Amino acid sequence: MFHLIHSELLKVRHTFTLKLFVAAPIVTLSLGYILSGKFVQLTAYNWWYILILPITIAIWCASFISCEKRTQYQNILCLSVDRKKIWIGKLFAAAVLLLLTNFVMWGGCTLFGVFTVMNIDPLNGFFGCMLLFLVYLWQLPLIMWLAKKTNYLTAVLISFSCSILSTLGAESDLFYLNPFAIPARIVCPFFKMHPNGIPIENGSFLLNTGTVIPAALFSLILAVLCFLLTAWLFSKGDRTHD
């Protein structure tokens, strides 16, 4: 599996797609500093999980499958490797980038906090970013499958639309009903801000960490199901006429 992941990353090594794991956090931090100055951490983290990260994920997923569609899947059809493994390898490659970009975002935000104001301490920032990695995993197979069945732009636009709707119900007790809202809710106790970017009041129920583990587990179960289902569909579908 390591070789498959490495192979997928090599396919995009000279493209902007790979550079996004560093470029996306830099853009987010720059916007946060321009818009909020010493409160850069609050603004940057909010922009990160509401808008920038979902769009970045969509670009990665669409790129990994689009490079195969351009060659009519010839690079895959000629391999003796199980096509389920190839699909999972693509998803794991995207997951690696998702993990790395959250590390970069956390490191950048922490560094900005040293030179401005540490609104969010490094430990909370780390937990928040790692949770974002976990709860966005399920979207990887969904977006990649959308890109396979439609096209690059459609998949990115759909992901963008869902990210805009991610705050709907995020502060409700029934936020689980909208899996896209889980990231905005699960980081509240760590980033200490409402999904709209306003700081959370002391004593708010949003600071309660009791929902964190159940929400993370729900997202991981959803991720496993989406990974397995799309891998099975990919192995059974017509890969030469998408």
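Residues numbered from 1 in each chain as written. Predicted model: local features only at pLDDT ≥ 70, side-chain atom pairs only at ≥ 80, totals over all residues. Heavy atoms only, no water.

Caption draft 1: Inspection of the side chain of threonine 230 at higher detail. Along the chain, the position of threonine 230 falls in helix α11 (residues 212-236). A polar contact is formed between the side chain of threonine 230 and the backbone oxygen of cysteine 226, at a distance of 2.6 Å. Once residues within four sequence positions are removed from consideration, threonine 230 is found in contact with Trp87, Leu91, Pro141 and Trp145. (Helix = DSSP H or I, 4+ residues; strand = E, 2+ residues; numbered from the N terminus. Polar contact = N/O pair within 3.5 Å; in protein donor to acceptor, adjacent residues only side chain to side chain. Contact = heavy atoms within 4.5 Å.)

Caption draft 2: Local environment of the confidence of the model for the protein. When pLDDT is averaged along the protein, the result is 87, and 93% of the positions lie at 70 or above. The element-level mean pLDDT for the protein is lowest in helix α4 (residues 74-77), coming to 62, with helix α6 (residues 122-136) highest at 96. (pLDDT = per-residue confidence, 0-100.)

Caption draft 3: View of the packing of helix α7 (residues 139-149) against α11. The interhelical angle for the contact between α7 and α11, taken along N-to-C directions, is 25 degrees, at an axis separation of 9 Å. When the axes of α7 and α11 are compared, the pair comes out roughly parallel. The interaxial crossing formed by α7 with α11 has left-handed handedness. Across the interface between the two elements, Pro141, Trp145 and Lys148 of α7 pack against Cys226, Phe227, Thr230, Leu233 and Phe234 of α11. Split by residue class, the contact of α7 with α11 holds 6 nonpolar, 1 polar and 1 charged. (Axes fitted to C-alpha atoms, helices over the stretch in contact; angles between N-to-C directions. Parallel < 35°, antiparallel > 145°, perpendicular 65-115°, else oblique. Left-handed = near helix turned anticlockwise from the far one by under 90°. Nonpolar A, V, L, I, M, F, W, Y, C, P; charged D, E, K, R; others polar.)

Caption draft 4: Seen up close, the packing of aromatic side chains. Across all of its chains, the model carries 13 aromatic pairs by this definition. Here the aromatic cluster, defined as three or more aromatic residues joined through ring pairs, consists of Phe103, Trp106, Phe126, Phe127 and Phe190. (Phe/Tyr/Trp six-rings, centres within 6.5 Å; stacked < 30°, edge-to-face > 60°.)

Caption draft 5: The arrangement of the nonpolar core in detail. Counting residues in hydrophobic clusters, the biggest one holds 71 residues, and the most contacted among them are Tyr49, Ile57, Ile186 and Phe191. The dominant element in this core, judged by the number of residues it contributes, is helix α3 (residues 40-69), at 17 residues. Residues within four places of isoleucine 186 in sequence aside, it is in contact with Leu131, Val135, Val212, Ala215 and Ala216. (Core = buried A, V, L, I, M, F, W, Y, C linked by side-chain atoms within 4.5 Å. Buried < 20%, exposed > 50% of the residue type's maximum accessible area, 1.4 Å probe, protein only.)

Caption draft 6: Region of the structure containing the environment of methionine 1. Following the sequence through the fold, methionine 1 ends up in the segment before α1 (2-11). Between the C-alpha atom of methionine 1 and that of threonine 43, which follows or precedes it by 42 residues, the distance is 38 Å. Apart from residues no more than four positions distant in its own chain, methionine 1 is found in contact with Lys85, Ile88, Gly89 and Phe92.

Caption draft 7: Structural view of empty space enclosed by the protein. Tallied over the full model, the rule gives 1 cavity of 30 Å³ or more. Volume-wise, the largest cavity comes out at about 30 Å³. Taken together, Tyr49, Ile50, Pro54, Tyr136, Gln139, Cys162, Ser163, Ser166 and Phe180 make up the full set of residues lining the largest cavity. Looking at the lining of the largest cavity element by element, the count peaks at 3 residues for α3. Within the lining of the largest cavity, the residues separate by chemical class into 6 nonpolar, 3 polar and no charged. (1 Å grid on protein atoms, 1.4 Å probe; cavity = no way out; pocket = protein on both sides within 12 Å on 5 of 7 lines; lining within 4 Å. Points joined across faces, edges and corners; volume = space filled by probe spheres on them.)

Caption draft 8: Region of interest: unusual backbone geometry. Positive phi, close to 55 degrees, is recorded for lysine 192, a residue that is not glycine. The class for lysine 192 is partly exposed, based on a relative accessible area of 37%.

Caption draft 9: Quick peek at the packing of helix α5 (residues 83-115) against α6. In contact at an axis separation of 9 Å, α5 and α6 are set at 160 degrees when each is read in the N-to-C sense. Considering their axes alone, α5 and α6 lie roughly antiparallel with respect to each other. When you trace α5 past α6, the crossing you get is right-handed. Only Pro122, Gly125, Phe126, Cys129, Met130, Leu132, Phe133 and Tyr136 of α6 make contact with α5, whose side of the interface consists of Ala95, Leu98, Leu99, Asn102, Phe103, Trp106 and Thr110. Grouping the amino acids of the contact of α5 with α6 by side-chain chemistry returns 12 nonpolar, 3 polar and no charged.

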